[in-house]
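Descriptive analysis of the structure
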There are 2 protein chains.
Amino acid sequence: MGRPRTFSETEALDAICASFWDQGYCATSLDDLTEATGLGKGSLYAAFGSKHDMFVQGLRLYCERMVAMATSFLHAPSGSALQRLEKYVQHLTREMQSPRGCLLSKAAAELGRQDDEVNAIISKTFEELGDQLVAAVRQAQREGDVPARLDARRSGLMLLAVIRGMEAMARGGTNGRSLGMIAQGALAPLRADT
Amino acid sequence: MGRPRTFSETEALDAICASFWDQGYCATSLDDLTEATGLGKGSLYAAFGSKHDMFVQGLRLYCERMVAMATSFLHAPSGSALQRLEKYVQHLTREMQSPRGCLLSKAAAELGRQDDEVNAIISKTFEELGDQLVAAVRQAQREGDVPARLDARRSGLMLLAVIRGMEAMARGGTNGRSLGMIAQGALAPLRADT
DNA sequence: CACGTTATTGACTATATGGTCCACTATCCG
DNA sequence: CGGATAGTGGACCATATAGTCAATAACGTG
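Residues numbered from 1 in each chain as written. Chains lettered and ligands numbered in written order. Predicted model: local features only at pLDDT ≥ 70, side-chain atom pairs only at ≥ 80, totals over all residues. Heavy atoms only, no water.

**With respect to the relation of the copies chain A and chain B**
As a reminder of what qualifies: We superpose the copies by least squares over the C-alpha atoms of residues that have a pLDDT of at least 70 in both of them. We call two residues in contact whenever any of their non-hydrogen atoms come within 4.5 Å of each other.
For these two chains of identical sequence, chain A goes onto chain B by a turn of 180° and a shift of 0.0 Å along the axis, with RMSD 0.1 Å. In the structure described here, the two chain copies are related by an operation that fits a two-fold rotation axis. Identified as the residue of chain A closest to the rotation axis by C-alpha distance is Gly 165 of chain A, at 1.7 Å. In this assembly the copies share their binding face: 100% of the residues contributing to the interface of chain A also contribute to that of chain B.

This is how it looks when you write it as structure tokens:
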């Protein structure tokens, strides 16, 4: 009943997400968002609520995709768990060198600790990513590729920290070679001896 | 000649830096800065230039202190190089759990890649911190506490990545225990076997 | 003391901002 | 077809913003 939407909500959210991703929360104005989506302010507000709501929904979408990407790599049908882990880290290393960086990190830096809603999303995403990495390490241990004496939780969380740290360094201008070296340094203890 | 300053430039810059640190660049208004410093807009502009200039100068101050802190830990007169490294990591782990987080990370997230001036500061700081860590690992190798087969550069850069990653995770709500675990995971390969 | 010089202050400006509102429009259903 | 319902877009609003400026105040010097 009534007039139907003339736009796809997900497409609009994509555009919103991209704007925040490029410029950050505060630096993105409503006019930027109307331009990016091609919608009027009224439509935006009717569909998504306030600017803050738009950000939260965009961030949520982004984080869901991020976690889904981790799953798709770490649960891929081919290769050993260790190989999948390596592929995943390689992929992230490549991706984080794009000028956009990672919206999750940017959101955490700009609004973390100050905004409960944003904080909840970030915290949940970190947890999910961490869990997946820990599970991958554990699986690789079962497959005998990673020494059993390593604490899987410790190794998995450390991998997450290295990945997030590489992202931060990439945004600071650290070159691809150094990033690759760091990735190797993080994976080396897993492959090592025995 | 002429009327002298009624305020200390460094003190004012400290207050400016603290404001940006708490709220980020964009979210800090000039009124926030006048309130934080107790100065009028005219005085601020006369002393520091534009809002952007104030940020750059505040960030520069912050980064210099950050590097100086690294030096003071890593070149402390007592203990072995490895012990100093451990103390330094411990200290950072504690510090990053404060609600403020780290201005360097925040600046990198909010303005990195978009702002040449800011980028230069960030990039230089990362480089200096990395160099210090690499040198510390190397020294620990010379002292026989870290296996010589490890690539010092790789290990040092990885330490930097872990530290930056822990900071990002701390801002996302990761608890102190997990952070400690990560720190241990990063240091373990250094202490290890032989 | 008086002058030149510099610092300080806050009123002022032009603009940009997030958000609201409403006239208008397109669709569905009876 | 016609009314009820929901979507659209842009004019509009109050406010906040970065930045300017001129009047005033405090110093050193001759």
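Read on, since the account is not over.
**Digging into the interface of chain A and chain B**
Rules: Once two parts are brought into contact, the accessible area they lose, counted with a 1.4 Å probe and summed over both, makes up the buried area. A carboxyl oxygen of Asp or Glu within 4 Å of a side-chain nitrogen of Lys or Arg is what we treat as a salt bridge. Any N or O atom pair separated by 3.5 Å or less is treated as a polar contact, with the protein-specific requirement of one donor-capable and one acceptor-capable atom, and with residues adjacent in sequence counted only for side-chain atom pairs. A run of H or I in DSSP becomes a helix once it reaches four residues, and a run of E becomes a strand once it reaches two; helices and strands are each numbered from the N terminus.
Facing 44 residues of chain A, the contacting portion of chain B comprises 44 residues. Surface buried jointly by chain A and chain B totals about 3400 Å² across both partners, of which 64% is contributed by carbon and sulfur atoms. For chain A, the biggest contributors to the area lost against chain B are Arg 113, Arg 154 and Arg 171 of chain A; these three give 19% of the whole. There are zero salt bridges connecting chain A and chain B. Summed over the shared surface of chain A and chain B, the number is six residue pairs in polar contact (both at pLDDT 80 or more). Those elements giving two or more residues to the side of chain A that touches chain B turn out to be helix H1 (9-23), helix H6 (103-111), helix H7 (116-142), helix H8 (152-171) and helix H9 (176-191) of chain A.

**Some points on the pattern of salt bridges**
Residue and element names in this part refer to chain B. Worth spelling out the cut-off: Exposure categories follow from relative accessible area, calculated using a 1.4 Å probe and restricted to protein chains: below 20% of the type maximum is buried, above 50% is exposed, and the middle band is partly exposed.
All told, the structure shown has 13 salt bridges over all chains when counted by the stated rule. With a closest N to O distance of 2.8 Å, Asp 14 and Arg 65 form a salt bridge. Linking Asp 14 in helix H1 (residues 9-23) with Arg 65 in helix H4 (residues 51-74), this pair joins segments that are 51 residues apart in sequence. The partly exposed category is assigned to Asp 14, whose relative accessible area is 29%.

**Quick look at the protein's contact with DNA strand D**
Our working definition: Any residue with a heavy atom positioned within 4 Å of a molecule or strand is treated as near that molecule or strand. By the convention adopted, Pro, Cys, Tyr, Trp, Phe, Met, Ile, Leu, Val and Ala count as nonpolar, Lys, Arg, Asp and Glu as charged, and the other residues, Gly among them, as polar.
Around DNA strand D, 23 residues are found, and the nearest of them are Gly 2, Arg 3 and Thr 6 of chain A together with Leu 30 and Tyr 45 of chain B. Of all atoms in DNA strand D that approach within 4 Å of the protein, 61% are sugar or phosphate atoms. Leu 30 of chain B is positioned such that a nitrogen or oxygen atom in its backbone is 2.6 Å from a phosphate oxygen of DNA strand D. Residue Lys 41 of chain B places a side-chain N or O atom 2.7 Å away from a base oxygen belonging to DNA strand D. Those elements giving two or more residues to the surface near DNA strand D turn out to be helix H3 (41-48) of chain A together with helix H3 (41-48) of chain B. Here the surface near DNA strand D gets three residues from one element, more than from any other, and that element is H3 of chain B. A class-by-class count of the residues in the surface near DNA strand D yields eight nonpolar, 10 polar and five charged.

**Quick notes on the packing of H6 of chain A against helix H6 (residues 103-111) of chain B**
Selection criterion: Orientation is described by lines fitted to C-alpha atoms, with helices fitted over the stretch in contact, and by angles between N-to-C directions that extend from 0 to 180 degrees. Orientation categories follow fixed angle ranges, with anything under 35 degrees roughly parallel, anything over 145 roughly antiparallel, 65 to 115 roughly perpendicular, and all other angles oblique. By definition, turning the near helix anticlockwise from the far helix through less than a right angle yields a left-handed crossing, and turning it clockwise yields a right-handed one.
Running from N to C, H6 of chain A and H6 of chain B point in directions that differ by 125°, and their axes come no closer than 8 Å. Judged by the angle between their axes, H6 of chain A and H6 of chain B are oblique. Handedness of the H6 of chain A/H6 of chain B crossing: left-handed. Contacts between H6 of chain A and H6 of chain B involve Ser 105, Lys 106, Ala 109 and Glu 110 of chain A on the former and, on the latter, Ser 105, Lys 106, Ala 109 and Glu 110 of chain B. Residues that form the contact of H6 of chain A with H6 of chain B fall into these classes: two nonpolar, two polar and four charged.

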